[in-house]
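# Results of the structural survey
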Amino acid sequence: MEYNNFINDEKIFGVLEHTQKADKSKIDEILTKALELKGISYDDVATLLNVTDEDTLEKLYNTALQIKETIYGNRLVLFAPLYVSNYCSNGCLYCGFRANNTELVRACLTPAEVEKETLAILDQGHKRMLMLMGENHKNCSLDYFIELINKVYSVRNSKGSNIRRVNVEIAPLTDEEFQRLSQVKIGTYTVFQETYHRETYKAMHPYGKKSEYDWRVFVMDRALRNGMNDVGLGALFGLYDYKYEVMGLISHARHLDQEYGVGPHTISFPRIQPAQNAPASHDLKHAVNDQEFKKIVAIVRLAVPYTGMIISTRESVAMRNQLIDMGVSQISAGSRTDVGGYEDEGKHSKDDGVGQFSLNDNRNCGEVIRDVMKAGFVPSFCTGCYRLGRVGADFMDMAKPGLIKLHCLPNALSTLEEYLVDYADEETKKIGEELIARELNDIPSPERRAQTIKYLDRIKKGERDLYF
Ligand code: SAM
Ligand code: SF4
């Protein structure tokens, strides 16, 4: 099958070149236009990428936060990753799971081990999981991965909690494999392109299936044609010029929106961290500094206003706190990237190099929740949209005009209440109950507010999983 090539080097380099000298009034015009929530033009994205002065960047950050709040309100969705296998037959030069890393102890979890990991994740209060693995179907096949998804859904902890939605991040599949995966209920299917720059891609992926650029860059075309409703994009920042990568991400988002009427449900922003025996994770030629990274995140919020934007624990606490103030809408919390790492807690230290890469935010989920609330955001474990069929184009129809937040805040409050009753310590409970009382006033519809108050009451009395 032929797909439309959406990465055009000449166009990307050309637009980055001719937008270098924009004056302040042009930039103000772009920021004002962005508040209409319709995205900004390709030229405008390039213009903002070329901005360097602090005052303008501050304005950009504020605009990004305003857009995020208009679309999603001030909720911040939390999730936990679960790595089920670190077997990999690819040679990605930046990754600790690469086949050449002979020092890595390889493992693929058994169903019983997945059960233990799921229990450990549930006991942190999570309801939403991202399942991942390396690419090696001999040691961990797609059918086995699907069996493990079903295993996760079947687990309940002593409080009766279960994982309500599994998102998936695994290597690109064939048409037929996507059809098989679509038989289980998953949320978003995510794959990071790593780099949209063909030559760099080739250098970074010397062997294995992943060395085929086209196979990876058209993965979402195959996914959306074969039963996936929601897809997630990402670029691994640090491999190539960040401006090029942002133009690549935006081109990809537009391509999906135009071809399938469904833009990316999420965009992730992994930035390379040091990894064991992974030469391209050290001494980066295209390292992205903190200021550039914040600019990237804020610009994507302006360009793709409706998308969920994800920051993982690759980033430090300080950086994550800044990024949630400029448009990020989902974060992982209490994560482990080593196979079996949750249950294994205590046997390995969290940054001893046995994971895929090292982590910079080692707070547990409870600490993240407390800090998020203190920063004025509402932590949310909501999975409502996936479960009520607000997916694909239907989700986009609600997210694009900013209607989705009518559901987001009430669902954030009801899932936070569950967390407070089941998992929080006294201090967190107090902060949380005060936050919920304040936030109820921000639900615009009196009927929805009244219904939310009823839900909160029922949750306090022992009911669970009440959502809109
Ligand atoms: N093996 C699948 C794949 O490559 O798509 C599944 C995902 S892989 C386990 C998750 C992602 O981690 C990769 O797509 C890559 O972007 C990211 N990653 C790999 N090495 C990294 C590093 N050293 N620092 C930060 N992120 C890294
Ligand atoms: Fe394997 Fe994915 Fe790591 Fe590449 S990034 S070595 S494909 S796990």
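Residue numbers run consecutively from 1 along every chain, following the written order of its sequence. All chains are assigned letters beginning with A, and all ligands numbers beginning with 1, in the order in which they are written. Selection of residues for local features in this predicted model requires a pLDDT of at least 70, selection of side-chain atom pairs for listing and counting requires 80 or more, and totals for whole chains, interfaces and linings are taken over all residues. Side-chain measures here rest on the full set of heavy atoms in the structure, leaving out hydrogens and waters.

## Section: the domain arrangement of the chain
The accessible area lost on association of the parts is a frequent measure of interface size. Our working rule: What counts as a domain boundary in this text is fixed by an automatic or database domain assignment. A simple way to read buried area is as the amount of 1.4 Å-probe accessible surface that goes missing from two parts once joined, with both sides added.
By the assigned domains, the chain splits into domain 1 (11-68) and domain 2 (72-384). Centre-to-centre, using C-alpha coordinates, domain 1 lies 27 Å away from domain 2. Summed over both partners, the interface of domain 1 with domain 2 comes to about 2400 Å²; 71% of that surface belongs to carbon and sulfur atoms. Together, L49, Y61 and K68 form the three largest contributors to the area buried by domain 1 at its contact with domain 2, with a combined 34%.

## Considering unusual backbone geometry
Peptide bonds are, in most cases, trans, and in most cases residues other than glycine have a negative phi. Quick note on the threshold: Relative accessibility decides the category of a residue: with a 1.4 Å probe and only protein chains considered, values under 20% of the type maximum give buried, values over 50% give exposed, and everything between is partly exposed. Secondary structure is summarised from DSSP: a helix means a run of H or I of at least four residues, a strand means a run of E of at least two, and numbering begins at the N terminus for each.
Phi angles above zero are rare outside glycine, and L37 is one such case at about 70 degrees. L37 gets classed as buried once you look at its relative accessible area, which sits at 14%. A positive phi angle is found at N277, which is not glycine, with a value near 50 degrees. With respect to the helices, strands and loops of the structure, N277 is situated in the loop between β6 (266-268) and α12 (290-303).

## Topic: the site of ligand 2
Test applied: Residues are labelled near a given molecule or strand when at least one of their non-hydrogen atoms is within 4 Å of it. Note on residue classes: Ala, Val, Leu, Ile, Met, Phe, Trp, Tyr, Cys and Pro are nonpolar, Asp, Glu, Lys and Arg are charged, and everything else, Gly too, is polar.
Residues in contact with ligand 2, as listed here, are C88, N90, C92, C95, F97, R98, G134, K210 and Q356. Residue composition of the shell around ligand 2, grouped by class: four nonpolar, three polar and two charged.

## Considerations on the packing of helix α11 (residues 242-260) against α12
Rules: Axis definition: a line fit to C-alpha positions, over the contact stretch in the case of helices; interaxial angles, taken between N-to-C directions, run 0 to 180 degrees. Under this scheme an angle from 65 to 115 degrees is roughly perpendicular, one under 35 degrees roughly parallel, and one over 145 degrees roughly antiparallel; angles in between are oblique. Helix crossings fall into two classes, left-handed where the near helix is turned counterclockwise from the far one by less than a right angle and right-handed where it is turned clockwise. We call two residues in contact whenever any of their non-hydrogen atoms come within 4.5 Å of each other.
Close contact between α11 and α12 brings their axes to 11 Å; oriented N to C, the two are set at 20 degrees. For the element pair α11 / α12, the angle class is roughly parallel. As α11 runs across α12, the sense of the crossing is right-handed. Residues Y242, V246 and I250 of α11 lie in contact with α12, whose contacting residues are E292, K295, I296, V300 and A303. Taken together, the residues of the contact of α11 with α12 break down into six nonpolar, no polar and two charged.

## Observations concerning the packing of aromatic side chains
For clarity, the threshold we go by: Between rings of Phe, Tyr and Trp, where Trp is taken as its six-membered ring, a pair exists when centres lie within 6.5 Å; planes separated by under 30 degrees are stacked, by over 60 edge-to-face, and by other angles tilted. We call a charge positioned over a ring when the NZ of a Lys or the CZ of an Arg lies within 6 Å of the ring centre and within 35 degrees of the ring normal.
Enumeration over the complete set of coordinates arrives at 12 aromatic pairs. Between F237 and F269 the ring centres are 6.5 Å apart and the planes differ by 10 degrees, which places this aromatic pair in the stacked class. Of the two residues, F237 is situated in the loop between β5 (230-234) and α11 and F269 in the loop between β6 and α12; the sequence distance between them amounts to 32 residues. Ring geometry for F381 versus Y419: centroids 5.7 Å apart, planes at 25 degrees, classification stacked. Note that F381 is positioned in the loop between β9 (378-380) and α15 (384-387) and Y419 in helix α17 (residues 405-422), a separation of 38 residues in sequence. Take Y419: its relative accessible area is 4%, and that puts it in the buried class. Among the aromatic residues, those joined into a ring-pair cluster are Y3, F6 and F218. Here K159 stacks its cationic end above the ring of Y423, 6.0 Å away from the centre of that ring. Lying across the ring of W215, R222 places its NZ or CZ 3.5 Å from the centre.

## A closer look at the nonpolar core
For clarity, the cut-off: The definition of a nonpolar core used throughout is a set of buried Ala, Val, Leu, Ile, Met, Phe, Trp, Tyr and Cys residues joined through side-chain atoms within 4.5 Å.
Counting residues in hydrophobic clusters, the biggest one holds 153 residues, and the most contacted among them are L82, M131, L181, Y189, F237 and F269. Per element, the largest residue contribution to this core is nine residues, and it comes from α11. Sequence-distant contacts of L82, defined by excluding residues within four places in its chain, comprise L109, V114, E117, I121, M129, L130, M131, L132, V152 and Y342.

## A short note on the site of ligand 1
The following threshold applies: The term polar contact refers here to a pair of N or O atoms within 3.5 Å; inside protein, the definition further demands a hydrogen-donor-capable atom paired with an acceptor-capable atom, and it admits residues adjacent in sequence only when both atoms are side-chain atoms. Methods summary: accessible areas were calculated by the Shrake-Rupley approach with a probe of 1.4 Å, and residue burial reflects only the protein chains presented.
Surrounding ligand 1, one finds 19 residues, the nearest of these being Y94, E194, R216, Q273 and R314. Here K210 contributes a side-chain N or O atom positioned 2.9 Å from an oxygen atom of ligand 1. At 2.8 Å, a backbone N or O of Q273 approaches a nitrogen atom of ligand 1. Out of a free accessible area of 560 Å², ligand 1 has 97% covered by protein chains. Looking at side-chain class alone, the shell around ligand 1 contains nine nonpolar, four polar and six charged residues.

## Concerning the confidence of the model for the chain
Our working rule: pLDDT is a per-residue confidence score from the predictor, ranging from 0 to 100.
Summarising the model, the chain shows a mean pLDDT of 94, and 97% of its residues fall at 70 or more. A low-confidence stretch, residues 346-351 stays under pLDDT 50, and its non-local contacts, those more than four residues away or across chains, total seven contacts.

## Quick look at α11
Put simply, the rule reads: What a helix is expected to span follows from its residue count: subtract one and scale by 1.5 Å.
Its 19 residues give α11 an end-to-end C-alpha distance of 27 Å, which sits within 8% of 27 Å, the value for a rise of 1.5 Å per residue. Buried residues dominate α11, accounting for 14 of its 19 residues. Just downstream of α11, G261 is the residue with a positive phi angle, here 70 degrees.

## Observations regarding the pattern of salt bridges
To be explicit about the condition: Salt bridges, as used here, are contacts in which a Lys or Arg side-chain nitrogen is within 4 Å of a carboxyl oxygen on Asp or Glu.
Applying the stated criterion across every chain, the model contains 29 salt bridges. Linking R363 and D361 is a salt bridge whose minimum nitrogen-to-oxygen distance equals 2.6 Å. Classification of R363 by relative accessible area gives buried; the value is 11%. Notably, a salt bridge pairs D457 with K461, separated by 3.0 Å at the nearest N-O pair. On the accessibility criterion, K461 (68% relative accessible area) is exposed. Sharing partners across several salt bridges, the network here consists of K26, E29, K33 and D44.

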